[in-house]
Amino acid sequence: MNRVRQFKPEEPWQAPEEEPIVRIENVTKRFGAFYAVDDISLHIHQGEFFSLLGSSGCGKTTLLRMLAGFETPTSGQIFIDGQDVTNIPPYERPVNMMFQSYALFPHMNVADNIAFGLKQEGMAKSERQDRVAELLSLVQIEQLAKRKPHQLSGGQRQRVALARSLAKHPKILLLDEPLGALDKKLREQTQFELVNIQERLGITFVVVTHDQEEAMTMSSRIALMHEGRIEQVDPPRRLYEFPSTRYAASFIGSVNLFDGYVVQQDDDQVLVQCDEADSLLQVRHSQPLVPGMAVTLALRPEKVRVLKDFDEEAPNQLRGQIKEIAYLGDVSIYHVQLPGGKWVQFTQPNVQALAEQPLTWDEEVTLGWSANSCGVLTE
Ligand code: ATP
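Small disclaimer: the values here were computed from a predicted structure and weren't measured. (Residues numbered from 1 in each chain as written. Predicted model: local features only at pLDDT ≥ 70, side-chain atom pairs only at ≥ 80, totals over all residues. Heavy atoms only, no water.)

Draft legend 1. Summary view of the pattern of salt bridges. Applying the stated criterion across every chain yields a total of 18 salt bridges. We note a salt bridge from E188 to K184, for which the minimum N-O separation is 2.9 Å. You can see E188 and its partner K184 sitting in helix α5 (residues 184-201), four residues apart, about one turn around the helix. Since its relative accessible area comes to 53%, K184 is described here as exposed. (Salt bridge = Lys/Arg side-chain N within 4 Å of Asp/Glu carboxyl O. Helix = DSSP H or I, 4+ residues; strand = E, 2+ residues; numbered from the N terminus. Buried < 20%, exposed > 50% of the residue type's maximum accessible area, 1.4 Å probe, protein only.)

Here's what the structure looks like:
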């Protein structure tokens, strides 16, 4: 979980004076009595690569389809570039959508597929040819212009669909699982190409995906959705390092969760009593928490260190026995059982020389971590 897209320091979502290109205000979509999207408010800024991430059925496609205009909200409003588009049909919105199925016309060659929308809006032939050439070059398939869709690989078809959806210079491109039909290797390669194209064009991309690694690699920000609601919106690294809810912590990567209650709150740190731990747990945390309040601490496996000795006075320590080891090549995952039965995971990079004594099954270990490494979940 270390391939996270690095964004410039001047993130637009931190500039409140800037008008977002998409404003979703209290949008709900009901199908009968079922809330597919439940009172969502969300701002997306110009030039973002914004992902809607969540498990199957959480409402991400419904939200994307409302942005495209294929569904109308039951209540709430959608603004694009300052204009209320809630009741405006798809073809009058400055957006385009790339479907998961690509929806290419089988009887037309690649160039004609890409030119289709331009021809429909009456663009002159020579201008159209220039635009198609530009798009073919953008997605690097110039040599395939005369082929029909059935003569293309899955990856090539995806490029044609992308070129076609960009043809009319949409302000926002909506992509529904854009890499879903590609195999794993091609998907990883294509993730970077998609980000490159998006950065070059400066168009806002809103992407639906259920693949957390894909969202982490490509996005400026991710909205994590759960049962029609938004659980957390943050840049990938923040979502991973500082999940704000139990669901967010468990959805992205692996996590150890400790339930306890606050025993002391100082300026920027809090002490938590947890029955499963050998010591008090200390966390850096700037939000005021009241003593006695129930909290859950989230600790990522890679933040845990093996300590030489147990120190009675020090916080953030656990003692247990290694019960399982999974060797993954670059890292190993260790499963430790605490005396009370709780399982804790930690990872270690496999950097030690073969001559060094590695950790082994049934070994008693003391685990520790710094106060900066743990997150506090209050929901
Ligand atoms: P997936 O990743 O599986 O596509 P999703 O997060 O995109 O899931 P949606 O397609 O937005 O989920 O669907 C959200 C919920 O709304 C689902 O329970 C789905 O069955 C329901 N739903 C979607 N469209 C309709 C419809 N036209 N009529 C009734 N229910 C619908």
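We are not done yet, so read on.
Draft legend 2. Up close: the site of the ligand. Around the ligand sit F31, F34, A36, S55, S56, G57, C58, G59, K60, T61 and T62, and those are all the residues in its vicinity. With respect to the ligand, the backbone of G57 contributes an N or O atom lying 2.7 Å from an oxygen atom. Within the side chain of K60, an N or O atom sits 2.7 Å from an oxygen atom of the ligand. When the free accessible area of the ligand is taken as 640 Å², the share hidden by the protein chains comes to 57%. Those elements that place two or more of their residues in the shell around the ligand are β2 (34-44) and α1 (60-68). The element contributing the most residues to the shell around the ligand is α1, with three residues. Within the shell around the ligand, the residues separate by chemical class into four nonpolar, six polar and one charged. (Near = heavy atom within 4 Å. Polar contact = N/O pair within 3.5 Å; in protein donor to acceptor, adjacent residues only side chain to side chain. Areas by Shrake-Rupley, 256 points an atom, 1.4 Å probe, with all protein chains shown as cover. Nonpolar A, V, L, I, M, F, W, Y, C, P; charged D, E, K, R; others polar.)

Draft legend 3. Structural context of the packing of helix α2 (residues 110-120) against helix α3 (residues 125-138). For the pair α2 and α3, interaxial distance at closest approach is 10 Å and the crossing angle is 125°. Relative to α3, the element α2 is oriented oblique. Our pair here, α2 against α3, has a crossing hand that is right-handed. Contact residues: α2 offers V110, A111, I114, A115, L118 and K119, while α3 offers R128, R131, V132, L135 and L136. Of the residues belonging to the contact of α2 with α3, the class tally is eight nonpolar, no polar and three charged. (Axes fitted to C-alpha atoms, helices over the stretch in contact; angles between N-to-C directions. Parallel < 35°, antiparallel > 145°, perpendicular 65-115°, else oblique. Left-handed = near helix turned anticlockwise from the far one by under 90°. Contact = heavy atoms within 4.5 Å.)

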